[in-house]
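Remarks on the overall topology
Here is how the chains run, residue by residue.
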Amino acid sequence: MVQTAFLGDVVLTTPLLVALAERHGPVDVVTTPAAAALLETHPAVRRVWRYDKKGHEAGLPGLRRLAATLRAEGYARAVLPHRSWRSAALAVWAGIPERIGFADAPARFTYTERVVRPHGGHEVERLLVLAGGTGNGERGTGATAPTVRLGLTDEDRAAAERWLADHGIGPGFVALAPGSIWGTKRWPGYGELAAQLVGGGREVVVVGGADDARLAEEVVAAGSGERGAGSGRIASAAGALPLRASAALIARAEVLVTNDSAPLHLATATGTRVVAIFGPTVPAFGFGPRGPRDRIVEHPGLDCRPCSPHGPARCPLGHHRCMREVGVEVVLEAVG
Ligand code: SF4
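As the structure is a computational prediction, the values presented were derived from the model and not from experiment.

Moving on: the domain arrangement of the protein. When its domains are assigned, the protein resolves into domain 1 (7-131) and domain 2 (154-335). The partner domain 2 presents 11 residues to the 11 residues of domain 1 that form the contact. Residue assignment for the side of domain 1 that touches domain 2 shows that the elements contributing at least two residues are α1 (7-12), α3 (33-39) and α6 (123-128). It is α1 that contributes the most residues to the side of domain 1 that touches domain 2, 4 residues altogether. Among the residues forming the side of domain 1 that touches domain 2, the class breakdown is 5 nonpolar, 4 polar and 2 charged.

On to helix α5 (residues 85-93). Listed as buried for α5 are Ser87, Ala88, Leu90 and Ala91. Down the axis of α5, the buried side of the element spans an arc of 160°, and every buried residue falls inside it. Structurally, α5 contributes buried residues whose contacts are with β1 (27-31), α4 (59-73), β3 (77-80) and β4 (98-102). Where α5 terminates, the next one or two residues include glycine 95, which has phi positive at roughly 70°.

Pro280, Cys304, Cys307, Cys315 and Cys322 are the nearest of the 14 residues found near the ligand. Residues belonging to the shell around the ligand are distributed by class as follows: 8 nonpolar, 4 polar and 2 charged.

A separate point is the sheet that holds β3. Spatially, 3 strands are ordered β3-β4-β5 in an open sheet, and the strand pairing comes out parallel. Looking along the sheet, the strands with just one partner apiece sit at the ends: β3 and β5 (113-115). Going from strand to strand, the sheet's axes swing by 15° on average, the running direction of each strand aside. Pairing of β4 with β5 involves 3 bridges; the strand directions are parallel.

Conventions we followed
In this numbering scheme, every chain counts its residues from 1 along its sequence in written order. Only residues with pLDDT of at least 70 get local features here, since the model is predicted, and only at 80 or more are side-chain atom pairs given and counted; chain-wide, interface and lining totals rely on the full set of residues. Residue ranges labeled as domains rest on an automatic or database domain assignment. Each residue is represented by a C-beta atom placed from its backbone, and any two residues with such atoms within 7 Å are regarded as in contact. The secondary structure listing takes helices from DSSP runs of H or I that are at least 4 residues long and strands from runs of E that are at least 2 residues long, numbered from the N terminus. We call Asp, Glu, Lys and Arg charged. Ala, Val, Leu, Ile, Met, Phe, Trp, Tyr, Cys and Pro are nonpolar, and the rest, Gly among them, are polar. Any residue with 12 or fewer other C-beta atoms within 10 Å of its own C-beta is exposed, any with 20 or more is buried, and the rest are partly exposed; the C-beta atoms used are placed from the backbone. Comment: arc refers to directions from the helix axis out to C-beta atoms. Any residue qualifies as near a molecule or strand once its backbone-derived C-beta atom lies within 6 Å of it. Being paired, for any two strands, means DSSP has found at least two bridges between them. Inter-axis angles, ranging from 0 to 180 degrees, are taken between N-to-C directions of lines fitted to C-alpha atoms, where helices are fitted over the stretch in contact.

Structural data, given as structure tokens:
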């Protein structure tokens, strides 16, 4: 499988990996360095090829080098859930004779098998059709409904427990994930939410990657200020733990408040309840939470929503009302 999309997309691909592994045995995966750690301990995965497409392997020379490495492995079949030219070219240049991808991909003419991508439904089921699934939550094999899962290890869980103990955070804490690669997907109310939670005696952990560390510190500062001066406690784990340990930390939370971004899918995979705030995107795109206790928070009525598949860097209308007008009290009520 070649899956070099964003981290959240890789998480949502894990049921497809499981379905392929059931049929063919553990799968080799080409993915980004950011997502590699999530897959290298996954039981459906045999080997992970790290492809740093934005770093030292950027451009055609890097792609050619990886293709030559894969060619030497003599792969029989490539599954291509990411509809990019780069993934298609990699499979062709690696000399992989069977190449399976979506019929609406720009590079579809390079595939040997084109599969119709379902229009509706959740992304997990849409991806599963590449393994012969129906797109209706069932696989053609007759196996049970798919579940997103991570290969967390005992070490990952121990690292999360150590971090929580070191910061004096006990069970039942609220996790906040204020970051997103896409600017307009970031809800600006996390600081105020943190202040109210801490003021109400809750323990709060801000989660994210190293890129989110500054934003996380701002949320911690807001939660530690005058308004947050209650009996609660707040700390930032953003950038402090490796990816799988971060997921293990989210697994220990009572609830995660998140934007439409990767932590939402990490929480789903670990069974943690989610409060997901949607702004420029909508759950109907197929990336929303689906647990019976999960909650979706979004602007009640705004004609410009949704305005792009990912959420633009800046609001094209300049007001960002889809997020600015989502009130803290609504999110607080969803947290419970
Ligand atoms: S155009 Fe509308 S949906 Fe898009 S970012 Fe602006 S307010 Fe949000």
